[in-house]
Amino acid sequence: YGDHRDLHSFPTRRSSDLKNEIRAQFSLAMSAMYREEVPAYGELMELVADINVSVLERDESLRSQLSQSNGLDRITEERHGAIRVGTEKELFTLRRLFAVMGMEPVSYYDLAIAGIPVHSTAFRPVAEGDLNINPFRVFTSLLRLELIEDADLRAAAQEVLDNREIFTTAALNLIERAEKQGGLSNEDATQFVTEALETFRWHSKANIDQELYGKLHDEHRLIADIVSFHGPHINHLTPRTLDIDGVQVAMPERGINPKAVIEGPPQRDCPILLRQTSFKALEEKVLFKGENGNWDEGSHTARFGEIEQRGIALTPKGRALYDTLLDDTRARVRSGEGAYEDLLVESFKAFPDSYTELRAEGLAFFRYSLSDKGEEIARSVGISGSLDGLLEAGLLRMDPIIYEDFLPVSAAGIFQSNLGPNLGETGADVVYSNPSQQSFEQALGAKVWDELALYADLERASLNACLARLSEKALKDDVAVAA
């Protein structure tokens with residue numbers, strides 16, 4: 001399922017094209033590695049593939065919509081991964097590594113408000129054409145050691161992190177070469193994929209002894225996961241499904257134990273933002289440092305399987321309504337009014353569930369293109385008019401712009417609910433501190449992109465292109481008459 005291609009096949013391309021190819025090949029290599037490390041991932045991929053084929057066979061309108069937006073071909077290979085790093089230096093170098101693959105930091109996510117001592121960004125392509133070639137994303141979190149109150153524990157964790165190197169020497173050299181040359185040669189690109197993959201590989205031997213691991217785990221199990229190992233092992237790799245409710249029902253039939261609740265908005269006719277589900281984290285054997293060079297056997301719980309379904313990107317107005325309805329639902333759950341899922345469905349009845357209403361109320365972003373009738377008009381006489389008028393006349397079509405990013409609350413929920421039993425069901429036990437985007441960007445060495453601005457630019461560009469095409473004939477005729 002998407003992993004059959006040669007992992008080291010790089011055709012001769014221009015530098016910008018090669019970045020896309022490196023990203024595609026790295027995504028495939030990561031998927032192959034994770035399939036070996038977490039066998040249930042392979043079963044999950046087959047399930048998602050089956051579900052997606054079934055959905056497209058029965059839903060012609062969705063197939064047409066995806067085809068129109070160039071989204072049909074990318075579904076099979078679409079993945080997002082998640083990693084966690086411990087130091088500012090590691091985050092800074094990761095930004096440089098992902099840049100070689102044409103991936104840039106988009107959005108700032110504060111998870112400390114959910115009791116998780118990290119803040120994050122998502123590395124992904126930002127240009128529409130690059131996303132269509134391969135939309136690989138990596139949700140990347142930086143540990144906030146300053147939030148650990150115990151000074152001795154904080155110092156011990158810092159010492160461990162300061163004495164590890166998560167990148168191979170060859171990877172660092174290739175990153176530097178790419179920056180100096182503006183890209184890599186085909187041969188260097190092949191080596192880069194191999195070397196970069198080592199950063200994300202699982203290592204069963206810990207960097208610390210069992211006593212320190214226990215103290216870190218008691219502070220927060222995510223801290224233990226970040227500090228204890230050789231590097232930021234990939235802790236989940238997420239395919240995209242077109243029917244997450246179908247996947248949720250089918251997982252037990254494949255011997256996969258899903259989490260109880262799908263994160264994000266409820267099931268809708270017009271999906272919005274992002275919905276996620278997963279199977280529980282694996283308890284894996286780990287060897288901790290012992291006395292006299294020996295190793296003590298223990299276990300660690302971190303890695304899990306996740307699935308996502310993506311919907312339309314919401315405008316600031318739409319995001320505000322989403323947040324309000326979600327907050328209202330949680331308040332009602334806390335007051336004992338009913339079950340979360342039932343109350344969520346009830347609350348979201350206030351959120352319009354047709355693309356026509358979503359556009360009319362300014363709640364979501366759309367990509368505009370000329371209909372067949374519009375193309376005929378553009379070729380023959382040319383026309384101008386308002387957006388509403390052109391849509392009503394059938395000259396334009398609108399398709400949802402797919403949400404390419406993550407939800408802070410959803411991300412926190414996935415983190416909590418997969419770290420262990422009962423976590424995340426009632427919210428965080430600890431709230432660490434306020435967000436600190438400025439310090440995160442300083443560590444990153446760059447500003448993060450504003451995802452809402454990216455969607456707005458995409459919508460505006462698509463509309464302007466349509467208007468230019470529709471008026472092109474009329475403008476040419478005016479010029480001819482004037483001449």
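Novice: Looking at this structure, I do not really get the side chain of arginine 240. What am I missing?
Specialist: Tracing the backbone through its elements, the reader meets arginine 240 in the loop between strand E6 (236–239) and helix H11 (244–250). Judged by its relative accessible area of 3%, arginine 240 falls in the buried class. Leave out the neighbours within four places in its chain, and arginine 240 touches Val48, Asn52, Leu66, Arg74, Ile75, Glu78, Glu308, Arg310 and Ile402.

Novice: I keep staring at the sheet that holds strand E8 (residues 283–289) and nothing clicks. Help me out?
Specialist: Hydrogen bonds between backbone atoms are what pair the strands of a sheet, whose relative direction is either parallel or antiparallel. Taking strand neighbours across the sheet as the criterion, the 3 strands line up as E5-E8-E9 in an open arrangement whose pairing is mixed. At either end of the open sheet lies a strand with only one pairing partner, and these are strand E5 (205–209) and strand E9 (295–301). The average undirected angle you get between the axes of adjacent strands in this sheet is 45°. The sheet strands contacting helix H9 (residues 210–219) are E5, E8 and E9, and the helix crosses E5 at an angle near 85°.

Novice: What am I meant to see in the environment of isoleucine 22 here?
Specialist: Considering the arrangement of structural elements, one finds isoleucine 22 in helix H1 (residues 15–37). Residues isoleucine 22 and valine 193 lie 171 residues apart in sequence; the distance between their C-alpha atoms is 7.0 Å.

Novice: It is not clear to me how helix H7 (residues 169–181) should be interpreted in this structure. Could you clarify?
Specialist: Here H7 contains 13 residues, and its C-alpha end-to-end distance of 18 Å stays within 8% of the 18 Å for a straight helix at 1.5 Å per residue. Contacts from the buried residues of H7 go to helix H4 (88–100) and helix H8 (186–197). Trailing H7 by a residue or two, glycine 182 shows a phi angle of about 75°, which is positive.

Novice: Would you mind showing me how to read H9 here?
Specialist: One turn of an α-helix holds 3.6 residues; hence residues three or four places apart share an orientation. Turning to H9, its buried residues are Leu212, Tyr213 and Leu216. Here the buried residues of H9 occupy an arc of 100° about the axis, which is enough to place them on one side. For H9, exposure combined with an orientation more than 90 degrees from the buried face picks out Glu211 and Asp218. In this structure, the buried residues of H9 make contact with helix H6 (151–162), E5, helix H10 (221–227), E8 and E9. With a side-chain oxygen positioned 3.2 Å from the backbone nitrogen of glutamate 211, the residue opening H9 is aspartate 209.

Cut-offs applied
- Residues numbered from 1 in each chain as written.
- Predicted model: local features only at pLDDT ≥ 70, side-chain atom pairs only at ≥ 80, totals over all residues.
- Heavy atoms only, no water.
- Helix = DSSP H or I, 4+ residues; strand = E, 2+ residues; numbered from the N terminus.
- Buried < 20%, exposed > 50% of the residue type's maximum accessible area, 1.4 Å probe, protein only.
- Contact = heavy atoms within 4.5 Å.
- Pairing = 2+ DSSP bridges.
- Axes fitted to C-alpha atoms, helices over the stretch in contact; angles between N-to-C directions.
- Expected span 1.5 Å × (residues − 1).
- Arc of directions from axis to C-beta.
- Polar contact = N/O pair within 3.5 Å; in protein donor to acceptor, adjacent residues only side chain to side chain.

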